[in-house]
Every structure is written in C-alpha cells, then in structure tokens.
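Each chain, written out:
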Amino acid sequence: MFRTSGGRRGRRIRTFTTAGAAVAGLLLAVGCSSGDDGPGEAAGGVPVVEKGKLTTCTHLPYPPFQFEQDGKVVGFDVALIDLVAKNLKVEQKILDTPFENFKTGAFLNSGECDLGAAGMTITDERKKNVDFSVPYFDATQALLATKKSGVTSLADVKAKNAKLGAQAETTGESYAKSQGFDPVAFESSDAVLNGLRTGQVDAVVIDYPVVQGWLKDKANADPFALVENIETGEQYGFTVKKGNAKLLAAIDKAITDAKADGTYNKLYEQWIGPLPQGRS
C-alpha cells in the first residue's frame, strides 16, 4: 500500500531510535560530538545523510510494519531495516513524517532520509520517482465489516448500499474505486478503525496484515469480521533516491540473506503471524 494524508501538512516530524538500535545508539552517542553531524559514509562506502545513522522515513502507526511500543518504534519493516543498518555498522534512525511527498521521493531528494519504509506497494508509477528494493512482502487486501451490517463480500457492500471506507491514497482505496465505489477516505489506519467503531462506515478495504493485527484484540474481534480476502498481486518494497545504487544493493542483500538463513521467517512469525501455506 502507500499511505499519505492531505490533512497533515503541518504535522511535526518526530524522531525515534529503534528498539534494535538502542544499545548501538548509546555507543554512538559516547563516541560522537555535535560536530559529527551531517552526511557521511557507512560501511562499504554507502552514503548516508547523517554520520553513524541510517535514516528511515515512515508514517506512524501502521502495525505490524511499524508502530510505537514502550517509546520505541518496532515492527516488521523496522526489524528488516535494522538488519541493513547492522551490516552497514550504523544505527537506524526513524523519522515519523507526513507522506504527502513520498510518491515523488521528496524526502529522499531533499536529503532528509536515506530510505522510505512504510508498507509501500511497488508500482510502475512510483518507480518513476524512486528506486525500489527487491520485494520483501507479498500482500493482499482485506474487507473488514461490522457484524451488525450483515455485509459478507464487496459485492454485498454495493447490494446493501453500505458505506465503504479506505485509507487515503492507498492501493486499497484505488482498488475500491476501480470496483465502482467512492469510499470514505481516512488519513491513517487508526482513523480507518475508528471509522468502523463510530459507525462512519460499515466496512473497509485495507491491507490484510493490518486487519489480522486488529482482530487479535477481542475489542475488535467481537464487533468486526474479516469477510473477504482480495488478491491484488501486490508486493511491498523499500525505497531509495533514484540512482542510490550502493544503498539499494545493501538493502537487497540484507533481504536476500535474511530469506536464505531463516531470519526473515523468524521476523515474519514474530511480527505478522504464521507463515503462508507452502512456505517454511
């Protein structure tokens, strides 16, 4: 998916250290002075916008890919990029930013971030502005409905004249529109869930792993039901500035190595759940 919100243009950019990088961050803080700020190089000559750090732009929250837990940002995306940072001998630093400019790669082009990691679907349109890593996640959309609505499918939404919602500027919203719907647009995944809770909509189209996470909470499982999985052939990728070949290669290597040595599967089970059938 791709998430952005037209309603957050004045939103403050927040900085986080990831849970996996906390110790490394303390060591770096001891060894560096304020005079060390500014661009630098990581291991292997990979350029970074801030010495000693791999700066990731994202948009919180979007569990299970990235979200706050005990004052740290954690999740599947975060854990994978921590592997990249470890290989580059730097600490991952996360900026929680508005996503208005992510389609254009503005945060990458301005030197604010080294990469984007936010459960982003790889599309040809986006490839015009950013370079994508190898795919790291096969995604599907899901239709989550309130049980009292009686909705059992996307076709049923139309038949019952029910209200459909989606997160603004996402592939879920695009899919709903391609099926003839005019979904209510919400600025974040939290707002989507709140829309269901407050009756603003009867059903929503959003990424399946997000729904899977929501339904682990009894407070959501009682009133809501996953009524349809929608295969869209989507794959997620991390993004870098056009032409940043060294960092792209480092990201691709970390993903490929993690899949080969079993680390990827462990992280998948930790943050997302059981592996899909046929994969072990």
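This write-up is about the structure you can find in this document. Keep in mind the model is a prediction, meaning the values are calculated, not measured. (Residues numbered from 1 in each chain as written. Predicted model: local features only at pLDDT ≥ 70, side-chain atom pairs only at ≥ 80, totals over all residues. Heavy atoms only, no water.)

**Some details on the sheet that holds strand β11 (residues 164-167)**
The condition that has to hold: By this definition, two strands are paired if DSSP reports at least two bridges between them. Helix and strand labels come from DSSP, where a helix needs a run of H or I of at least four residues and a strand needs a run of E of at least two; each type is numbered from the N terminus. Axis definition: a line fitted to C-alpha atoms, over the contacting stretch in the case of helices. Angles run 0 to 180 degrees between N-to-C directions.
Taken in spatial order, the five strands make up an open sheet running β12-β11-β13-β10-β14, and their pairing is mixed. On the outer flanks of this sheet lie β12 (184-186) and β14 (224-236), each paired with one strand and no other. Between one strand and the next, the sheet's axes are offset by a mean angle of 25°, whatever the strand orientation. Of the pairings in the sheet, the one linking β11 to strand β13 (residues 203-207) comprises three bridges and is parallel in character. Residue pairing for β13: Gly165 is matched across the bridge by Val204.

**Let's talk about the packing of helix α2 (residues 76-87) against helix α10 (residues 245-261)**
Operational definition: Angular relationships are summarised with four words: roughly parallel below 35 degrees, roughly antiparallel beyond 145, roughly perpendicular across 65 to 115, and oblique for the angles in between. Each crossing gets its hand from how the near helix is turned against the far one by less than a right angle, where anticlockwise is left-handed and clockwise is right-handed. We call two residues in contact when some of their heavy atoms are within 4.5 Å.
Packing of α2 against α10 leaves a shortest axis separation of 9 Å and a crossing angle of 115°. As the angle between them shows, α2 and α10 are arranged roughly perpendicular. In this structure, α2 crosses over α10, and the sense of that crossing is right-handed. Mapping the contact onto sequence places Leu83, Val84 and Asn87 in α2 and Ala250, Ile251, Ala254 and Ala258 in α10.

**Section: helix α11 (residues 263-271)**
For the record, the criterion: Burial classification: accessible surface area is computed with a 1.4 Å probe over protein chains only, and a residue below 20% of its type maximum counts as buried, one above 50% as exposed, and the rest as partly exposed. Throughout, the arc means that of the directions going from the helix axis to the C-beta atoms.
Residues of α11 that are buried include every one of Tyr264, Asn265, Leu267, Tyr268 and Trp271, and no others. Down the axis of α11, the buried side of the element spans an arc of 165°, and every buried residue falls inside it. Structural note: α11 exposes Lys266 and Gln270 on the side pointing more than 90 degrees away from its buried face. On its buried side, α11 packs onto β5 (67-69), β6 (72-74), α2, β10 (137-146) and α10. Looking at the residues trailing α11, positive phi occurs at Gly273, about 140°.

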